[in-house]
Amino acid sequence: MKRIIRYIAAAALLAGAVSCVEDFEPGSKDFGRSRLVIDGMVTSDGSGNRVRLSMSAPYGTVKEGFEPVTGASVTVSSADGTVVFKEKDEAGLYLAPEDFCGRVGQTYHLRVETDTPGIAGVYEAEDVMPESGVRADAFDYYRMGDSMWVFAIWGQDMPGIISNYAAVLSIRDGVPDEFGNWVFISGLQIFDGNYLNGGEYLFYSSNPDPSRGELRPALEKGDRVVLYFYSISDIFYKYKMAMLDESVAHLPLFTAQPANLPANISGGAVGLFGCAYVTKMSLVVNDPARTRLQMLKDHGMVP
């Protein structure tokens, strides 16, 4: 009898709790505020020296494309002096002089000053150019199915250098991240000195890309493909991984609560300024229909 009474009391409490549910209105002191978004990088070979400035969309709104921030003062300083990044052909994209290349071990300090209404102010960040943590000996490709190409890498994680990596492809001399997907590798101790013996890390598909609303071209004979292997800092790696994690769908019961991305920019802006040591290799597609077996035979991995 006591057990039945307990069940009835529990049910009554539950019914009372359900009947007292109130709407929750989240609050924020910056609820409708746009922020400056900084996407900046300095590379060892000068290929990725750029700072892109844009405005974020206020929480709860949807913005088509990005809103560039123009007319800003953008400089990068180090022990070697100060370099001015200038806005050229594309609004909001600031580029360094063509002869500017980052040096290993140097600390690079970004300073952005803008008078754009709502985000006027000075924003700063810094990062250190890492040394190369990987040796790339070769990379090759084969076709998978009707519209997928797989790229394999041979090389070595350099002994005694614990760094993080980002690998990305450039197709037909396009922007490195225009077609290929970024692949990130954490510089854990377990990789120290190990070999990349034909690891199949990168994929390229000519299927329609929903995020761009366009068709990626299929690889053809004579196409030039460039592999960019970036050695990057810890904050660079954490930021990019968090950004990727927040950009994909999740099952709500098994993921962490959304949070701000890790960043290194002061002044209330979001984004990242990072340094990357670049290791680069290229190949020319001779047979777009090449099989995996043929690739392995060419590298002496199968008879």
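None of the values given here were measured: they were computed from a predicted structure.

Thoughts on the sheet that holds strand β9 (residues 134–144)
Sheet strands associate in pairs through backbone hydrogen bonding, adopting either a parallel or an antiparallel arrangement.
Right, on to step 1. Spatially, the 3 strands line up as an open sheet ordered β9-β10-β13, and their pairing is antiparallel. Looking along the sheet, the strands with just one partner apiece sit at the ends: β9 and β13 (195–205). When the angles between neighbouring strand axes are averaged without regard to direction, this sheet yields 25°.
Right, on to step 2. Relative to β13, strand β10 (residues 148–157) is paired through 9 bridges, and the arrangement is antiparallel. The residue bridging Gly155 from the neighbouring strand is Leu196, located in β13.

Focus on the environment of Gly133
Right, on to step 1. Mapping Gly133 onto the fold places it in the loop between β8 (121–128) and β9.
Right, on to step 2. Spatially, the C-alpha atoms of Gly133 and Gly193 are 9.6 Å apart, while their sequence positions differ by 60 residues.
Right, on to step 3. For Gly133, the residues in contact, after removing those within four places along its chain, are Gln156, Asp157, Met158, Ile161, Ser163, Tyr165 and Ser231.

Brief notes about the pairing of β10
Right, on to step 1. In terms of burial, β10 is a largely internal element, 9 of the 10 residues being buried.
Right, on to step 2. Relative to β10, β9 is paired through 10 bridges, and the arrangement is antiparallel. Residue Asp140 lies in a different strand from β10, and its bridge partner there is Ala152.
Right, on to step 3. What sits between β9 and β10 in their antiparallel hairpin is a turn of 3 residues, with Gly145 showing a positive phi close to 75°.

How each quantity is defined
- Residues numbered from 1 in each chain as written.
- Predicted model: local features only at pLDDT ≥ 70, side-chain atom pairs only at ≥ 80, totals over all residues.
- Heavy atoms only, no water.
- Pairing = 2+ DSSP bridges.
- Helix = DSSP H or I, 4+ residues; strand = E, 2+ residues; numbered from the N terminus.
- Axes fitted to C-alpha atoms, helices over the stretch in contact; angles between N-to-C directions.
- Contact = heavy atoms within 4.5 Å.
- Buried < 20%, exposed > 50% of the residue type's maximum accessible area, 1.4 Å probe, protein only.

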